[in-house]
Amino acid sequence: MSDVMIAVQHVFKSVTDSTGTLTILRDIDFSLNKGETAAIVGASGSGKSTLLSIVAGLDTPTSGTVLVDGVDLFVINEDQRAALRAQKVGFVFQSFQLLGNLNALENVMLPLELSGRRDARATATRMLHRVGLGERLGHYPKVLSGGEQQRVALA
Ligand SMILES: Nc1ncnc2c1ncn2[C@@H]1O[C@H](COP(=O)(O)OP(=O)(O)OP(=O)(O)O)[C@@H](O)[C@H]1O
Ligand SMILES: [Mg+2]
């Protein structure tokens, strides 16, 4: 088994609209081993979110390859990518993407329930305590602060 968890190879991303073509990512190439931690740092608008969306299989590159745990994300189909995301990817969106009609506890329980976990409630409760939101389980996203919403997303 290889220790490489994420391999990004020659990734380009361009978008075209009526004003022309914008190249957001140009020949991005790196890999991360299991257990490694990395931060991607750059000016606002430099392409960090675009890169992370592609690495998570939420967006497609114009060209290039992304391997997650040895699987080429853009050779498998959308359903297979969704299954791989559910098993191997955690993603905190810049705008959190919590579900507004579910409270904090239900937001954290949902992916656990979808993956068939019978301990979803206990696990979600434990994770929310871990991020300091043990007193906010029943709160809906609209009454949580920005940082609290981000912690629900982390949980
Ligand atoms: N679908 C799109 N169509 C046109 N332009 C886009 C599209 N997606 C991203 N961009 C542009 O590409 C650039 C990179 O956007 P991205 O969201 O990746 O930046 P970022 O590094 O995450 O910035 P921030 O630090 O502000 O979150 C921005 O200038 C953005 O306007
Ligand atoms: Mg961003």
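Quick notes on the rules
Residues numbered from 1 in each chain as written. Chains lettered and ligands numbered in written order. Predicted model: local features only at pLDDT ≥ 70, side-chain atom pairs only at ≥ 80, totals over all residues. Heavy atoms only, no water. Helix = DSSP H or I, 4+ residues; strand = E, 2+ residues; numbered from the N terminus. Contact = heavy atoms within 4.5 Å. Areas by Shrake-Rupley, 256 points an atom, 1.4 Å probe, with all protein chains shown as cover. Lys, Arg positive; Asp, Glu negative; His and termini not counted. Charge placed at Lys NZ, Arg CZ, Asp CG, Glu CD. Pairing = 2+ DSSP bridges. Core = buried A, V, L, I, M, F, W, Y, C linked by side-chain atoms within 4.5 Å. Buried < 20%, exposed > 50% of the residue type's maximum accessible area, 1.4 Å probe, protein only. Axes fitted to C-alpha atoms, helices over the stretch in contact; angles between N-to-C directions. Donors = N, O, S within 2.8 Å, 3.2 Å for Na, K, Ca; no water. Near = heavy atom within 4 Å. Polar contact = N/O pair within 3.5 Å; in protein donor to acceptor, adjacent residues only side chain to side chain.

**Section: the overall build of the chain**
Next up, step 1: Counting secondary structure elements, the chain contains 5 helices and 4 strands.
Next up, step 2: Helices (α) and strands (β) of the chain occur, in sequence order from the N terminus, as β-β-α-β-β-α-α-α-α.
Next up, step 3: Its C-alpha atoms give the chain principal-axis dimensions of about 45 × 45 × 30 Å.
Next up, step 4: Taking all contacts inside the chain whose residues are at least 6 apart in sequence as the whole, residues at least 24 apart take part in 52%.
Next up, step 5: About 9,900 Å² of surface is accessible on the chain, with carbon and sulfur atoms providing 51% of the total.
Next up, step 6: One finds the centroid of the 15 positive side-chain charges in the chain at a distance of 6 Å from the centroid of its 15 negative side-chain charges.

**Structural notes on the pairing of strand 1 (residues 4-17)**
Next up, step 1: Across 10 bridges, strand 1 lies against strand 2 (residues 20-33) in antiparallel orientation. Residue V15 lies in a different strand from strand 2, and its bridge partner there is L22.
Next up, step 2: Sheet topology places strand 1 next to strand 3 (residues 63-68); 5 bridges connect them, and they run antiparallel. Each residue of the ladder has a partner; that of V8, found in strand 3, is V66.

**A few points about the nonpolar core**
Next up, step 1: Membership of the largest hydrophobic core comes to 13 residues, with the highest contact counts inside it found for A104, L105, V108, M109, A124, L128 and V152.
Next up, step 2: Among the elements of the structure, helix 3 (104-114) and helix 4 (120-130) are those that each provide at least two residues to this core.
Next up, step 3: Broken down by element, the residue count for this core peaks at 5 residues, all from helix 3.
Next up, step 4: Each residue touching M109, except ones within four places of it in the same chain, is listed here: A120, R121 and A124.
Next up, step 5: With 12 residues, the next largest nonpolar core counts I6, V8, L25 and V55 among its residues.

**Focus: the sheet that holds strand 3**
Next up, step 1: Spatially, 2-1-3-4 is the arrangement adopted by the 4 strands of the open sheet, whose pairing is antiparallel. Every interior strand has two partners, whereas the edge strands, strand 2 and strand 4 (71-72), have only one.
Next up, step 2: Strands in contact with helix 1 (residues 48-55) are strand 1, strand 2 and strand 3; relative to strand 2, the strand with the most contacts, it is inclined by about 60°.

**Quick look at the coordination of the magnesium ion (ligand 2)**
For a metal with four tetrahedral donors the ideal donor-metal-donor angle is 109.5 degrees, whereas six octahedral donors ideally subtend 90 or 180 degrees.
Next up, step 1: Around the magnesium ion (ligand 2), the donor atoms from the protein are S49 (OG) and Q94 (OE1), and they sit 2.1 to 2.3 Å away. On the criterion of sequence distance, the pair formed by S49 in helix 1 and Q94 in the loop between helix 2 (78-88) and helix 3 is long-range, its members being 45 residues apart.
Next up, step 2: Here S49 falls in the partly exposed class, since its relative accessible area comes to 39%.

**Re the site of ligand 1**
Next up, step 1: With respect to spatial proximity, the complete set of residues near ligand 1 consists of V15, L22, I24, A43, S44, G45, S46, G47, K48, S49, T50 and Q94.
Next up, step 2: Contact distances for ligand 1 include 2.7 Å between an oxygen atom and a side-chain N or O atom of K48.
Next up, step 3: Residue S49 places a main-chain N or O atom 2.9 Å away from an oxygen atom belonging to ligand 1.
Next up, step 4: For ligand 1, whose free accessible area comes to 640 Å², the fraction covered by protein is 57%.
Next up, step 5: Of all the elements in the fold, those that place two or more residues in the shell around ligand 1 are strand 2 and helix 1.

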